[in-house]
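Chain by chain, the residues:
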Amino acid sequence: MYSKIISGALLGVRSLLINVEVDVSSGIPLFAMVGCAGSEVRESKERIWAAFKNTGLPMPVSRITVNLSPADMHKEGTSYDLPIAIGILESAEIIPAGNSGNILFLGELGLNGEIRTVRGVLPIVTEAAKKGIKECIIPSGNAAEGAIVPGIIVRGAESLTQVLEYLRSPSEEKLPREPACSFENDLSEDSSTEYEEDFADVNGQDAAKRAAVISAAGFHSLLMTGPPGVGKSLIAKRIPSIMPPLSRDESLEVTAIYSVAGKLPPGSTLIRKRGFESPHHTITLPALTGGGSNPRPGAISLAHRSVLFLDELTEFDRKAIDSLRQPLEDHEVHISRSRYSISYPADFLLVCAMNPCPCGYYPDRNRCRCTENTIRKYLGKVSGPILDRIDLCVQMSPVSVKDISAGKKGITSAEMRSRVVLARIAQKKRYEGTSYRFNSEVNGSDLEKYCPLDEKERSFLGEMSDRLGLSVRSYHRIIRVARTIADIEGSDRICHGHILEAASYRPNDEYWKT
Amino acid sequence: MNDYAEEKRFMELLCSVKGLNGSVGRSLIEYFGSAENIFGADEKTLSGLLTPALSKNLNNLRRSLSDTEKSLKKKTAAGCSANGINFITFREPAFPDRLSEIPDAPVGLWYIGSLPSPDLPSVAVIGARECSSYGECVAKSLGAALGRAKVQVISGMARGIDGISQQAAQDEGGLSYGVLGSGADVCYPPSNRRLYDSLRLSGGIISIYPPGEMALPQNFPPRNRIVSGLSDAVIVVEARQKSGTLITVDMALEQGREVYAVPGRITDRLSDGCNGLIGQGANVFLSPDIFLAELSEIIDSKKNGGSPPREERIKRRSTCSSRIKKLHREYSGSRDLPPDLSDDEAKVLSVLGLTPLSAQDIISLLKEYDYPAVSMILMQLLIEGHAAQVGQGSFIRKY
């Protein structure tokens, strides 16, 4: 007998519905699987075999053929276990035909017949709902994630027996429907948007905090330099807490990426907090950008709509760092391999930290004995094109014990966030109807239009460029940053002071080009 | 004369023997009567006179010579003059007198440009390669003052104090001489190319190493001996405890040169060497003016064969308060801040000095300002030229 079960496959963060066809016919007993199945998919035969035995189900002693259609697309992952098992049961007439029609199945089987979580549930269920499928049966660990999708009934199953019982005679008690969870109406425990880390815990470091606000407000990439232990990571970790809360769409995007990466903890629903990706400097290029034979999002996609923090920037592989150039421009990363060509969203805020010299104490010549050559070599490890894309450079110095014991509390993340939000609103208004979202994205040619300078300020900036020997790129960078500072201060026009402050964040050419 | 030209070529060859220092070279010439005879002597005599390593180096040179003797000699001479490199031996009258005085004076020197004039005073300015902003500022104004006073500045053309003082002297139109630890045709460090090129024109490049020799670490101590040997006095601008600069000072003292040290703060590691020297009785360097006055005394007394009147000098220094005031003007512009500053700029500038401070440091000193305000004031000072930026975000005052 023939049966057809619906399941899904991932294509980047999008997905495609897959028909799992099973035919059970007389002949020499055989279990054949066709349809460009990867090794995990082919292994499902063994899992199904054992799961059937351990739940007391008879495995048909016949010729079983499984086809995954479209058959020319490579398929990976363990989520086909459940649809194949259901297909066999239906073909062997253990469950009545027709009950599984218009239901999407996803799930990995354990040898004892339990159904285990899989990755990529959110995008696949979203696709199913779009294609008009009415119902889906997914691992109970993924049920909350599936329930985010409106317009489809989501049922979470614990075991194969449970699904079998439900399909024999469908009734609500046997496999209860997962309560829908929308962005606006989420009662789950992790719906809190409060961050554990708060800027109030950071003493002093006004320079870095100010730079963090500007960075978050205008999505300007940030580089912090300073001696070891000065609090560079401390600042970076707290930047997500001053970004505006994730919007509904952003939250869906981020959740989908985490789902595809298999990073959603079982039972979790929408991600509401911005993440913080801090890869170790030994990270390889595919791990950073995404890829692999079985494609998964890399660190830059996990940092989507949030912060990618590269600590010890000089220690990173130059190739890996240079690979950030395209995603920084396009806000997504295109990965082309022989077997696939996909893209993952990668709209991240780049935050980097490094020591000013190999020992970390330059320009304090009492402590630093690095020669000019070693400093030059050290700085040379930061690739020029990436440095060009960094809008804010800030130097940090150790806070004196006196300042700490004075108990001077810093401003809180909430206060800083309110300024960021103010600037975001101004930018939203300014760039309405354009492809721009933030001041940091505006092209040199459009700066005139969106970030105009008054005559007095323009001539001042020109004079400053001459005095400091600024490049055109630096000139534009200062205007963009000045625009964000003006937005934070709630000013419509860019003032003298905004330009001065913006210029203080430029990379000091004399230092970087020595 | 022809005979001397031939002999000079042999002397040049002798100088290019690795590891052969001035005193051994002179003794050999004295023993054999001429440099030519050294190359004609048999191997046994030489190995009896020299250390095994030295005689091996010399014999290797002799052997390579015996095949193509003439052509090689010509090549050395022709190669040198083609690069503008001259060679001079201690036998010639133009050989610097100051250098002839020192123990272990070299047999000969290679040089490009000219040699220091015996009629003009010459002063060695030395110090750390990785110097602080303070050292940089002192070296710059000292070099300039010496250049203006037509005092020849002798140094090693190294990074840091050496190169900065020499460049400053050149910029003021003064004469300066770089003594290299490599061949005179090798610009080391390459970052001092501009200085190297200008020294060729107004001053000179001097080396005791044959053209083409690389800057090897072991070449620098003998080079330092020449630096102090060519000078009437040595000024140490900045040095750490246990540094190469202090080795040069030892050599200078051995050669009977007056040593001046620029005092620094006791908390600055880069001034430890200088402060230590002052503690041991070195002259304290108070200002270029005072120094120049004392320098002429040193030279005069040397001419008369006496030792410099040290006590008198110290007595005079105690009454030079008017000069100290002048010193302030020289090093800190003046005590007063520039007149065209706003109140905020004056406040920030008054806390800035030659120790690099970041905006954060300034905030903890001037609590009334927040970061945006300080960053604006600093940028304004930078644009107006009252401050300079060091590293990514540290500032010093520009005098």
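As a convention, each chain's residues are numbered from 1 in the sequence order in which they are written. Throughout, the order in which chains and ligands are written sets their labels, letters from A for the former and numbers from 1 for the latter. Since the coordinates come from a predicted model, pLDDT governs what is reported: local features require at least 70, and pairs of side-chain atoms require 80 or more to be given and counted, while whole-chain, interface and lining totals use all residues. Where side-chain values are given, they derive from all heavy atoms of the structure, hydrogens and water being excluded.

## Considerations on the overall build of chain B
A run of DSSP states H or I qualifies as a helix once it reaches four residues; a run of E qualifies as a strand once it reaches two. Both are numbered from the N-terminal end. Secondary structure assignment for chain B yields 19 helices and twelve strands. Put simply, 70% of the contacts in chain B that link residues at least 6 apart link residues at least 24 apart. Working definition of accessibility: Shrake-Rupley area with a 1.4 Å probe, residue cover restricted to the visible protein chains. A total of about 17,400 Å² of accessible surface is found on chain B, and carbon and sulfur atoms cover 54% of it. Should any heavy atoms of two residues lie within 4.5 Å, those residues are counted as being in contact.

## A few points about the overall build of chain A
Of the regular secondary structure elements, chain A holds 21 helices and 18 strands. Along the three orthogonal principal directions, the C-alpha set of chain A runs to about 90 × 50 × 45 Å. Taking all contacts inside chain A whose residues are at least 6 apart in sequence as the whole, residues at least 24 apart take part in 74%. Only four residue types enter the tally: Lys and Arg on the positive side, Asp and Glu on the negative side; His and the chain ends are excluded. Here the site of a charge means NZ on Lys, CZ on Arg, CG on Asp, or CD on Glu. Of the charged side chains in chain A, 62 are positive and 64 negative, and the gap between their average positions amounts to 4 Å.

## Thoughts on the nonpolar core
In this description, a nonpolar core means a group of buried Ala, Val, Leu, Ile, Met, Phe, Trp, Tyr and Cys residues linked to one another through side-chain atoms lying within 4.5 Å. Whether a residue is buried, partly exposed or exposed follows from its accessible area with a 1.4 Å probe, protein chains only, as a fraction of its type maximum: under 20%, in between, or over 50%, in that order. Ranked by internal contacts, the top residues of the largest apolar core, which has 75 residues, are M224, V351 and I499 of chain A. The contact partners of I499 of chain A, leaving out residues within four places of it in the chain, are L453, E457, F460, L461, M464, I478, A482 and I494 of chain A.

## Structural notes on the sheet that holds strand β10 (residues 357-358) of chain B
Residues and elements named next belong to chain B. We call two strands paired when DSSP finds no fewer than two bridges between them. Pairing in this open sheet of three strands is antiparallel, and the strands run β10-β12-β11 from one edge to the other. Single-partner strands in this sheet number two, and they are β10 and β11 (387-390). For β10 and strand β12 (residues 394-397), the ladder comprises two bridges, and the chain directions are antiparallel. In the strand pairing of β12, S358 is matched with S394.

## A word on the packing of aromatic side chains
Between 30 and 60 degrees the pair is tilted, below 30 it is stacked and above 60 it is edge-to-face, where a pair is any two Phe, Tyr or Trp rings, Trp via its six-membered ring, whose centres lie within 6.5 Å. Within the structure shown, the criterion is met by 15 aromatic pairs over all chains. Between Y188 of chain B and F220 of chain B, the ring centres sit 6.3 Å apart and the planes meet at 55°, which makes this aromatic pair tilted. Of this pair, Y188 of chain B sits in the loop between β5 (176-180) and α10 (193-201) while F220 of chain B is found in helix α11 (residues 220-229), placing the two residues 32 residues apart along the sequence. Overall, the relative accessible area of 39% leaves Y188 of chain B in the partly exposed class. Members of the aromatic cluster, connected to one another through ring pairs, are Y362, Y511 and W512 of chain A.

## Section: the side chain of Q167 of chain B
Residues and elements named next belong to chain B. Note on placement: Q167 falls in helix α9 (residues 161-171). For Q167, a relative accessible area of 13% gives the class buried. Dropping the residues within four chain positions of it, Q167 is found in contact with R194 and L195.

## Concerning the domain arrangement of chain A
Residues and elements named next belong to chain A. Domain delimitation in this document rests on an assignment produced automatically or drawn from a domain database. For chain A, the assigned domains read domain 1 (2-168), domain 2 (199-423) and domain 3 (442-514). Distance from the C-alpha centre of domain 1 to the C-alpha centre of domain 2: 40 Å. The partner domain 2 presents 23 residues to the 17 residues of domain 1 that form the contact. Defined in terms of a 1.4 Å probe, buried area is the accessible area two parts forfeit on being brought together, summed over both. Taken together, both faces of the contact between domain 1 and domain 2 bury some 1,500 Å²; the carbon and sulfur share is 64%. When the buried area of domain 1 at its contact with domain 2 is split by residue, V13, R119 and I148 rank highest and sum to 38% of it. Note on definitions: salt bridges are taken to be side-chain nitrogens of Lys or Arg within 4 Å of carboxyl oxygens of Asp or Glu. For the pair domain 1 and domain 2, the interface holds one salt bridge. Identification of polar contacts relies on pairs of N or O atoms within 3.5 Å, with a donor-acceptor requirement for protein atoms, meaning one able to donate a hydrogen and the other able to accept it, and with residues adjacent in sequence counted only if both atoms are side-chain atoms. The interface formed by domain 1 and domain 2 includes eight residue pairs in polar contact (both at pLDDT 80 or more). For the side of domain 1 that touches domain 2, the elements supplying multiple residues, two or more each, are β1 (2-11), α3 (121-130) and α4 (140-146). Tallied by class, residues from the side of domain 1 that touches domain 2 come to eight nonpolar, five polar and four charged. By the convention adopted, Pro, Cys, Tyr, Trp, Phe, Met, Ile, Leu, Val and Ala count as nonpolar, Lys, Arg, Asp and Glu as charged, and the other residues, Gly among them, as polar.

## Points about the sheet that holds strand β6 (residues 203-207) of chain B
Residue and element names in this part refer to chain B. The mixed open sheet is built from nine strands, whose spatial order is β1-β2-β6-β5-β4-β3-β7-β8-β9. Edge positions in the sheet fall to β1 (86-89) and β9 (283-284), since each of these pairs with one other strand and no more. Note: strand β8 (residues 258-261) against β9, two bridges, orientation parallel. Across the sheet, Y260 pairs through a bridge with N283, a residue of β9. Its contacts with the sheet place α11 against β3 (122-126), β4 (152-155), β5 and β7 (233-236), and it is angled at close to 160° to β5. For every element, the axis is a line fit to its C-alpha atoms; helices are fit only across the contacting stretch, and the angle between N-to-C directions ranges from 0 to 180 degrees.

## Brief notes about helix α14 (residues 288-303) of chain B
Residue and element names in this part refer to chain B. The span one expects for a helix is its residue count, reduced by one, times 1.5 Å. The end-to-end C-alpha distance of α14 is 22 Å, a good match for the 22 Å that 16 residues give at a rise of 1.5 Å each. Among all positions of α14, only P288, I290, F291, E294, L295, I298, I299 and S301 are buried. Mapping the buried residues of α14 onto a view down its axis gives an arc of 165°, with all of them on the same face. Immediately beyond the C-terminal end of α14, within one or two residues, lies G305, with a positive phi of roughly 85°. An arc is given here, and it is the one of the directions from the helix axis to the C-beta atoms.

## A short note on the packing of helix α17 (residues 343-351) of chain B against helix α19 (residues 371-384) of chain B
Residue and element names in this part refer to chain B. At a minimum axis separation of 10 Å, α17 and α19 run at an interaxial angle of 85°. In this view, α17 runs roughly perpendicular relative to α19, as classed from their interaxial angle. In this structure, α17 contributes D344, E345, V348 and L349 to the contact, and α19 contributes I377, L378, Q380, L381 and E384. Residue composition of the contact of α17 with α19, grouped by class: five nonpolar, one polar and three charged. Here the word oblique covers every angle except those under 35 degrees (roughly parallel), over 145 (roughly antiparallel) and from 65 to 115 (roughly perpendicular).

## Focus: the state of the cysteines
Two cysteine sulfurs form what is called a disulfide whenever their separation falls within 2.5 Å. In this structure the tally under the stated criterion is zero disulfides over all chains. Not engaged in a disulfide, the cysteine C451 of chain A finds its nearest cysteine sulfur in C495 of chain A; these two sulfurs lie 14 Å apart.

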